[in-house]
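The lines below spell out each chain.
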Amino acid sequence: MADSRGGPLVLGIETSCDETGVGVVRGHTLLADAVASSVEEHARFGGVVPEVASRAHLEAMVPTIERALKEAGVAPGDLDGVAVTAGPGLAGALLVGVSAAKAYAYALGKPLYGVNHLASHICVDQLEHGPLPEPTMALLVSGGHSSLLLAPDITSDVRPLGATIDDAAGEAFDKVARVLHLGFPGGPVIDRLAREGDPDAIAFPRGLTGPRDAAYDFSFSGLKTAVARWIEARRAAGEPVPVADVAASFQEAVADVLTRKAVRACRDQGVDHLMIGGGVAANSRLRAMAERRCEDAGIRLRVPRPKLCTDNGAMVAALGAEMVARGRPASDWDLSADSSLPVTETHVPGQGGPGAHSHPHSHGSDHDHVHELSGKNLYA
């Protein structure tokens, strides 16, 4: 039973890309957020290698779970559920997390919740600013996603308003950083260099901002190409490339488009607040521009602290705790990873209803050999 003093206690596992994240949440309170990153292993390739990420998740999973539980000061048997990112993401990486979550939930006799990565990015703000307004307008920006979402109910109703039609914002940061020879990942270094540059030095294009363009969709491929050609032209002419000015001007173009469309969506949908999440939400210029434009428009801005914007287990635990609190059905034991899970599927429910999997030793004769090995409880 959930602790009535603070809400459900849930362990969350996130392995959609290159970071093994494990969080422990009680209701809207974060108790632990443990992360094991393999970004250094991918840096020499200039991007995330799926096979490397999957192997890193395998090696980091158990130690990271143990570290999170120790940090939270809770015993595994105290949990009210185990949540895991079921998609979208890298198929192999997701599979490691889903397999681990199923193993822990089964051994502990706790319900399992396979949840959506994007919905988790929205729900994590509850750990920072309290319960989400309903509906919530969310701008999610990362290496794989640039999306505008309207969420009347984060556990069951998330509606896509717009998304990138080519490169995501974070992907564009990485590609521009590569052209500038700044290494991987590109977001943090461009943000740092941009503070020393002039954001108005170069007039880079703003994609899909014309009167006939899709109001809420994004395109950063043209911007990335424009930056690359500008740099190539300077180098071909034997002129030095003003790296700080390029970084600042590029970053300004991305932040301009993202915030302009997000504020417009709030106005059009009659929503008086905006939540920004995803790895690019850690960008200082995006945060500053969003704050100014939201203030001018009378919109309340909610942005989690940078560590909660990047992929982490806390966001998965937060959504899992909300699923438990609202009585959403747990997932079945045949839960699978879905690399293209649509955001409209906030979680993957089973057929037995809420709490149907609290007693795994009653699931039929097909798993009798497992029951005999597990005894009463592997973690009793």
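Below: a short report on this structure. All of these numbers come straight from a predicted model, not from anything done at the bench.

## Quick word on helix 12 (residues 313-325)
- Over its 13 residues, helix 12 extends 18 Å from the first C-alpha to the last, a length consistent with the 18 Å expected when each residue adds 1.5 Å.
- Counting buried positions over the 13 residues of helix 12 gives twelve, a clear majority of the element.
- Buried within helix 12 are the following residues: Gly313, Ala314, Met315, Val316, Ala317, Ala318, Leu319, Gly320, Ala321, Glu322, Met323 and Val324.
- Between the side-chain oxygen at the start of helix 12 and the backbone nitrogen of Ala314 there is a gap of 3.1 Å, and the oxygen is on Asn312.

## Details of the layout of surface pockets
- Approximately 1,100 Å³ is the volume attributed to the largest pocket.
- In terms of lining, the largest pocket is formed by 38 residues, of which the most central are Asp18, Ser142, Gly143, Asp174 and Pro185.
- Looking at the lining of the largest pocket element by element, the count peaks at six residues for helix 6 (residues 169-179).
- Within the lining of the largest pocket, the residues separate by chemical class into twelve nonpolar, 16 polar and ten charged.

## Overview of empty space enclosed by the protein
- Following the criterion strictly, the structure yields one cavity of 30 Å³ or more and no others.
- Counted as a void, the largest cavity has a volume near 40 Å³.
- Surrounding the largest cavity, Gln126, Leu132, Pro133, Glu134, Thr136, Ala151, Pro152, Asp153, Ile154 and Arg326 form its lining.
- At three residues, the largest contribution of residues to the lining of the largest cavity is made by strand 7 (residues 146-153).
- Within the lining of the largest cavity, the residues separate by chemical class into five nonpolar, two polar and three charged.

## Remarks on the sheet that holds strand 1 (residues 9-14)
- With mixed pairing, six strands are arranged side by side in an open sheet as 3-2-1-4-5-11. Each of the sheet's edge strands pairs with one partner strand only, and the pair in question is strand 3 (29-37) and strand 11 (347-348).
- Contacts between helix 3 (residues 91-108) and the sheet are confined to strand 1, strand 4 (81-87) and strand 5 (112-116), with strand 4 contributing the most and set at about 160° to the helix.
- This element, helix 12, spans strand 1, strand 2 (19-26), strand 3, strand 4, strand 5 and strand 11 of the sheet and lies at about 135° to strand 1.

## Considerations on the sheet that holds strand 6 (residues 136-141)
- Taken in spatial order, the five strands line up as 8-7-6-9-10 in an open sheet, and their pairing is mixed. Sheet topology places strand 8 (157-163) and strand 10 (300-302) at the edges, where each strand pairs with a single neighbour. For this sheet the average axis-to-axis angle between neighbouring strands, irrespective of direction, equals 25°.
- The pairing of strand 9 (residues 273-277) with strand 10 spans three bridges and is parallel. By the bridge assignment for strand 10, Met275 is matched with Arg302.
- Those strands touched by helix 9 (residues 243-269) are strand 6, strand 7, strand 8 and strand 9, and its axis lies near 165° from that of strand 6.

## Some points on the packing of helix 6 against helix 9
- Across the interface, helix 6 lies against helix 9 with an axial gap of 11 Å and an inter-helix angle of 175°. One element, helix 6, and the other, helix 9, form an angle in the roughly antiparallel class. In this structure, helix 6 contributes Ala169, Ala172, Phe173 and Val176 to the contact, and helix 9 contributes Phe250, Gln251, Val254 and Leu258.
- Tallied by class, the residues present in the contact of helix 6 with helix 9 amount to seven nonpolar, one polar and no charged.

## What about the nonpolar core?
- In this structure, Leu139, Phe250, Leu258, Leu274 and Ile276 are the most contacted members of the largest nonpolar core, which totals 48 residues.
- Only strand 6, strand 7, helix 6, helix 7 (187-194), helix 8 (221-236), helix 9, strand 9 and helix 10 (284-297) provide two or more residues apiece to this core.
- With 13 residues, helix 9 is the largest single contributor of residues to this core.
- Among all residues touching Leu139, those that are not within four sequence positions of it are Ser147, Leu148, Phe218, Leu258, Ala262, Leu274, Met275, Ile276 and Gly277.
- Among the nonpolar cores identified, the runner-up in size contains 31 residues, and Val10, Val115, Leu140 and Met315 belong to it.

## Side note on the pattern of salt bridges
- As enumerated under the stated definition, the model contains 17 salt bridges in all.
- The partner of Asp167 in a salt bridge is Lys224, with the nearest N and O atoms 3.2 Å apart. Of this pair, Asp167 sits in the loop between strand 8 and helix 6 while Lys224 sits in helix 8, and the two are 57 residues apart along the sequence.
- The partner of Arg285 in a salt bridge is Glu252, and the shortest N-O contact between them spans 2.8 Å.

Definitions and limits used
Residues numbered from 1 in each chain as written. Predicted model: local features only at pLDDT ≥ 70, side-chain atom pairs only at ≥ 80, totals over all residues. Heavy atoms only, no water. Helix = DSSP H or I, 4+ residues; strand = E, 2+ residues; numbered from the N terminus. Expected span 1.5 Å × (residues − 1). Buried < 20%, exposed > 50% of the residue type's maximum accessible area, 1.4 Å probe, protein only. Polar contact = N/O pair within 3.5 Å; in protein donor to acceptor, adjacent residues only side chain to side chain. 1 Å grid on protein atoms, 1.4 Å probe; cavity = no way out; pocket = protein on both sides within 12 Å on 5 of 7 lines; lining within 4 Å. Points joined across faces, edges and corners; volume = space filled by probe spheres on them. Nonpolar A, V, L, I, M, F, W, Y, C, P; charged D, E, K, R; others polar. Pairing = 2+ DSSP bridges. Contact = heavy atoms within 4.5 Å. Axes fitted to C-alpha atoms, helices over the stretch in contact; angles between N-to-C directions. Parallel < 35°, antiparallel > 145°, perpendicular 65-115°, else oblique. Core = buried A, V, L, I, M, F, W, Y, C linked by side-chain atoms within 4.5 Å. Salt bridge = Lys/Arg side-chain N within 4 Å of Asp/Glu carboxyl O.

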